[in-house]
Amino acid sequence: MTQSDSSVPQLGNATGLSCRECGWTTPLGPYYACAECFGPLEVSYKFPRITREEIESGPYSIWRYAPLLPVPADIASRRTTQPGYTKLIDADGLAGKLGMRQLWIKDDSGNPTHSFKDRVVAVALAAATEMNFKVLACPSTGNLANAVAAAAARAGIRSVVMVPSNLEGQKILTTAVYGGTFVTVDGNYDDVNRLASELAGEHDDWAFVNVNVRPYYAEGSKTLGFEIAEQLGWRLPEQIVVPIASGAQLVKIDKGFQELVELGLVEDKPWKVFGAQATGCSPVSEAFANGWDAVRPVKPSTIAKSLAIGNPADGPYVLDVVRRTGGVVADVSDEEVVDSMRLLASAQGVFGETAGGVTLGVLRKLIASGQLDPDKETVIINSGDGLKTLDAVAPAVRVPEAIKPSVEAFQAAGYEGE
Ligand SMILES: *Cc1c(COP(=O)(O)O)cnc(C)c1O
Ligand SMILES: [Zn+2]
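I will try to describe carefully the structure that is included in this document. (Residues numbered from 1 in each chain as written. Chains lettered and ligands numbered in written order. Predicted model: local features only at pLDDT ≥ 70, side-chain atom pairs only at ≥ 80, totals over all residues. Heavy atoms only, no water.)

1. Focus on the coordination of the zinc ion (ligand 2)
Around the zinc ion (ligand 2), the protein contributes the donor atoms C19 (SG), C22 (SG), C34 (SG) and C37 (SG), which lie 2.2 to 2.4 Å from the metal centre. What the 4 donor atoms of the zinc ion (ligand 2) show is an angle range of 101 to 120° at the metal, which sorts the shape as tetrahedral. Ordering the donors of the zinc ion (ligand 2) by residue number gives the pattern C-x2-C-x11-C-x2-C. Of this pair, C19 sits in strand β1 (residues 14-19) while C37 is found in the loop between β2 (25-26) and β3 (41-45), placing the two residues 18 residues apart along the sequence. (Donors = N, O, S within 2.8 Å, 3.2 Å for Na, K, Ca; no water. Tetrahedral: all angles 85-135°; square planar, octahedral: opposite > 155°, others 65-115°. Helix = DSSP H or I, 4+ residues; strand = E, 2+ residues; numbered from the N terminus.)

Shown next, in the form of structure tokens:
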């Protein structure tokens, strides 16, 4: 290493990066691929002793777990969107409909830009700032664009976000409103991702949150695991169903659970991790069903656009986690996605986006197939807000004709009998 110590960023208790494939290590810095084998790098730490009480007295955001993240120690006082600490809903209405004993919904639509992406972006931004990046950038399937544009606006820096041009209108508008450089690209997400990788190579002061600072970005998803355990009263659930796009969220929730066990913050017990995809983009589900270790890329075609990554970077690691814990990866059709979005709304009063429909759809499918135990305590993730994917449900939802403001008209329309 030719770097002097002063150029190594100070990111809390993070100590370096190591290769997930071969174990090669390097000091902290803007690196994401192993110099030996090109494998993905992951943050390593030397955790201090930390108590439940210390965490509980922290801010009501992901920064209550700052000592377990690659962020500077004073992060809570910096200009961030303060994501996290979203509701864990006791979904008794939905559980009743599904014949389940205990179901919880971790509702990440409650984040600042209404999806779980605010978590990962906040961590990426904190690390990128310490590494002297000047611009926050990303290729996105939509929610990441919202989160990056908002986080950069909050921090007062430039953003460059790139999305496929066929994205939901709601996600385009809710990105553009924050200002920043906004690029819509003729192509699918995998095309946009390739373009981003090329641009990252040419602009060394641009932090593409999910490309060149990906090791830091991905760590943000651990906070979903931390929060679920804390909100359950410092316990782990027995089963959890997680939507898969790149797969990082699923892998890191499991890592979060493992770290809580290692730190003695929760009791060790077995948990099963289940993965959810839409059939129109189900490369990980296909690999799981066929017993493959590698994931074969597909061309996505589904209404679940936030999950439409045909070549998921963390696919093989998802397979590892799911197989190790005894879970399953499954997929559901677009019709089942819409049906589950409506069930989530009508049975529980939660309007999730298509990804929430995918996750609930897979839960229902796995109960029906006997692969998920309805008597075990289960958590599902609702990772985004239904208001951002209105077009997906619009054809299936009855919108009433207007009536005259009279009792006769009300009765004539048949509303009294409903
Ligand atoms: C990005 C995203 C996911 C999955 O994220 P990965 O970590 O890439 O698997 C899930 N749900 C929603 C709504 C998303 O935007
Ligand atoms: Zn390696």
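2. Focus on unusual backbone geometry
Residues other than glycine seldom take positive phi values, yet Q82 does so here, at roughly 55°. Residue position: Q82 is located in the loop between α1 (52-56) and β4 (87-90). A positive phi angle is found at W234, which is not glycine, with a value near 55°. Its place among the elements puts W234 in the loop between α8 (222-231) and β10 (239-243).

3. So, the site of ligand 1
Taken together, 15 residues lie around ligand 1, and K117, S246, G247, Q249 and S383 are the ones closest in. S246 is positioned such that a nitrogen or oxygen atom in its side chain is 2.6 Å from an oxygen atom of ligand 1. Alone, ligand 1 offers 380 Å² of accessible surface; in the complex the protein occludes 98% of this. Within the shell around ligand 1, the residues separate by chemical class into 7 nonpolar, 6 polar and 2 charged. (Near = heavy atom within 4 Å. Polar contact = N/O pair within 3.5 Å; in protein donor to acceptor, adjacent residues only side chain to side chain. Areas by Shrake-Rupley, 256 points an atom, 1.4 Å probe, with all protein chains shown as cover. Nonpolar A, V, L, I, M, F, W, Y, C, P; charged D, E, K, R; others polar.)

4. As for the side chain of K117
Mapped onto the elements of the fold, K117 is located in helix α3 (residues 117-130). Buried within the structure, K117 lacks any salt-bridge partner; its nearest side chain of opposite charge belongs to E353, at an N-O separation of 7.8 Å. Ignoring any residue separated from it by four or fewer positions in sequence, one finds K117 in contact with N143, L144, A147 and Y217. (Buried < 20%, exposed > 50% of the residue type's maximum accessible area, 1.4 Å probe, protein only. Lys, Arg positive; Asp, Glu negative; His and termini not counted. Salt bridge = Lys/Arg side-chain N within 4 Å of Asp/Glu carboxyl O. Contact = heavy atoms within 4.5 Å.)

5. Some words on the sheet that holds β1
Here we have 3 strands laid out as an open sheet, ordered β2-β1-β3, and antiparallel in their pairing. Here the strands that pair on one side only, and so sit at the sheet edges, are β2 and β3. Inspection of the sheet shows β1 paired to β2 by 2 bridges, in the antiparallel sense. Along β2, the bridge assignment pairs L17 with T26. (Pairing = 2+ DSSP bridges.)

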